[in-house]
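Chain residues, written in single-letter form:
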Amino acid sequence: MVRRIDVTGAGGVRLAAWEFTDPPKSGGAEGAARGPGVLMLHGLMGRAAHWADTARRLSARHRPVGLDQRGHGRSEKPGEGPYDRAAYVDDAVAAIEQLKLAPVALIGHAMGALTAWQVAARRPDLVSALVICDMRASALGGASQREWTEWFRSWPVPFATLADVRKWFGEDDPTLERPRPARGEFFAEVMAERADGWRPVFSRRQMLRARETWVYDAHWEELAQVRCPALVVRGLDAELGRAEAQEMVRVLPRGEYAEIPDAGHLLPWEQPDAWCRAIEPFLRTATATAPG
C-alpha cells in the first residue's frame, strides 16, 4: 500500500510524502507498530516514487517514507522559491517531525544525500543513521553549472511519446558514454503529458536555481559533524570517485563504505539487488542500536 500524506514545509510550502507501508490497525504510538522510520530523499529532478522498489524491500523491518521535495513530484513548486539549502533542510526536518519518524534513518541520493547529511549535522536528535548515495562533498564549481545549463538546453522537448523519453535519456543523450536503460526509465517517471507532448514535471530553471546553492561550496565541515552511523555508497562508474568517497568515510566520525560494480550515478535503479544488499544490513544494525 502507498498512501500520500501532506506535509507543511518551510514557509508553508505544501509537500507530498508517500508512505510505503500499511498504517497500524489500531492503538499504539504512531509509527511504533511499523518499525523504525526511514525517510528517503531523491536527487535533483527525482521524485519519491523512484524509491518504491527500495521501500518495498525495507518495509518488512522499517517504516519507509519518500518525500517529494519542493519543486519536484507532487509537491508545490513556488515560482520564486526559495530553493536554497536551508529550505530543503527545513522541509526534511518538518517531514520528520510531522510524520513522527524520529529517530529516523535518512537515505539520500545526490542532492537528497546532501540534504540528508545536513539534517544529520544540524539536528542529530532526529537522526539514527545516514545513507549517502553518490554525492560529492567537494565543490563542483562554475564549469559544472554551465555544463548543466547547456545540457538542459539540449533536451528535445516536448517528447512525442514516453518511448522517445526512454530512448533519448537512455541511449541518445550525447553526455552518455554507453546506453543506460535504467536512466531512460528514471526520466520517464518525471514526465507528464501536455497538449504538445511529454514534458518534465519540474522547471529546469528552478532545478538550476536549486543546484547553484551547493555547487560552489564544499561540504566537508558538515559531513564531519554527523554523529550517527553513516554509509557512503558509490557505483564504480558513478560521479563520486573512489578516493573522494573514502575520504568522506574517513571524515565521518562513524563512516562506512560500500561500492557497487557495473553501476553509475543511478545505482539504486541500475543495480537494485546489490544496492539493497549494501544498505539493508547497515540499516538493521544502526536502527537496532539507536536510542529512542
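Thresholds, definitions, all that
Residues numbered from 1 in each chain as written. Predicted model: local features only at pLDDT ≥ 70, side-chain atom pairs only at ≥ 80, totals over all residues. Heavy atoms only, no water. Helix = DSSP H or I, 4+ residues; strand = E, 2+ residues; numbered from the N terminus. Buried < 20%, exposed > 50% of the residue type's maximum accessible area, 1.4 Å probe, protein only. Contact = heavy atoms within 4.5 Å. Polar contact = N/O pair within 3.5 Å; in protein donor to acceptor, adjacent residues only side chain to side chain. Expected span 1.5 Å × (residues − 1). Axes fitted to C-alpha atoms, helices over the stretch in contact; angles between N-to-C directions. Parallel < 35°, antiparallel > 145°, perpendicular 65-115°, else oblique. Left-handed = near helix turned anticlockwise from the far one by under 90°. Nonpolar A, V, L, I, M, F, W, Y, C, P; charged D, E, K, R; others polar. pLDDT = per-residue confidence, 0-100. Pairing = 2+ DSSP bridges.

### Quick word on the environment of Asp262
Inference 1: Assignment of secondary structure puts Asp262 in the loop between strand E10 (255-260) and helix H10 (267-270).
Inference 2: A relative accessible area of 46% places Asp262 in the partly exposed class.
Inference 3: Sequence separation between Asp262 and Thr285 is 23 residues, and the spatial gap between their C-alpha atoms is 27 Å.
Inference 4: For Asp262, the contacting residues outside a window of four places in its chain are Arg178, Leu236 and Gln271.
Inference 5: In terms of polar contacts, Asp262 uses its side chain to reach the side chain of Arg178, at 3.3 Å.

### A short note on helix H11 (residues 272-288)
Inference 1: The end-to-end C-alpha distance of H11 is 23 Å, a good match for the 24 Å that 17 residues give at a rise of 1.5 Å each.
Inference 2: When H11 is considered as a whole, its buried residues turn out to be Ala274, Trp275, Cys276, Ala278, Ile279, Phe282, Leu283, Ala286 and Thr287.
Inference 3: Where H11 is buried, its residues contact helix H1 (52-58), strand E5 (104-109), strand E6 (127-133), strand E9 (230-235), E10 and H10.

### Details of the packing of helix H5 (residues 162-172) against helix H6 (residues 181-188)
Inference 1: In contact at an axis separation of 7 Å, H5 and H6 are set at 135° when each is read in the N-to-C sense. On the basis of the axis angle, H5 is oblique to H6. Considering only the axes of H5 and H6, their crossing is right-handed. Here Leu162, Val165, Arg166, Phe169 and Gly170 of H5 lie close against H6, whose contacting residues are Pro181, Arg183, Gly184, Glu185, Phe187 and Ala188.
Inference 2: Its residues placed into classes, the contact of H5 with H6 shows 6 nonpolar, 2 polar and 3 charged.

### Some words on the confidence of the model for the chain
Inference 1: Here the chain averages 95 in pLDDT, while 95% of its residues score no lower than 70.
Inference 2: Across residues 27-32 the pLDDT falls below 50, and counting only partners more than four positions away or on other chains, this stretch makes 5 contacts in the model.

### Description of the sheet that holds strand E3 (residues 37-41)
Inference 1: Read from one edge of the open sheet, 8 strands run E1-E2-E4-E3-E5-E6-E9-E10, paired in mixed fashion. Each edge of the open sheet is held by one strand with a lone partner, namely strand E1 (3-8) and E10. Looking at each pair of strands side by side, their axes are set apart by 20° on average, direction ignored.
Inference 2: Pairing geometry for E3 and strand E4 (residues 63-68), over 5 bridges, is parallel. Counted as the bridge partner of Gly37 is Arg63 from E4.
Inference 3: Running over the sheet, helix H9 (residues 242-251) touches E6, E9 and E10 and is turned about 155° from E10.
Inference 4: Against the sheet, H11 makes contact with E5, E6, E9 and E10, and its axis sits at roughly 160° relative to E6, the strand it touches most.

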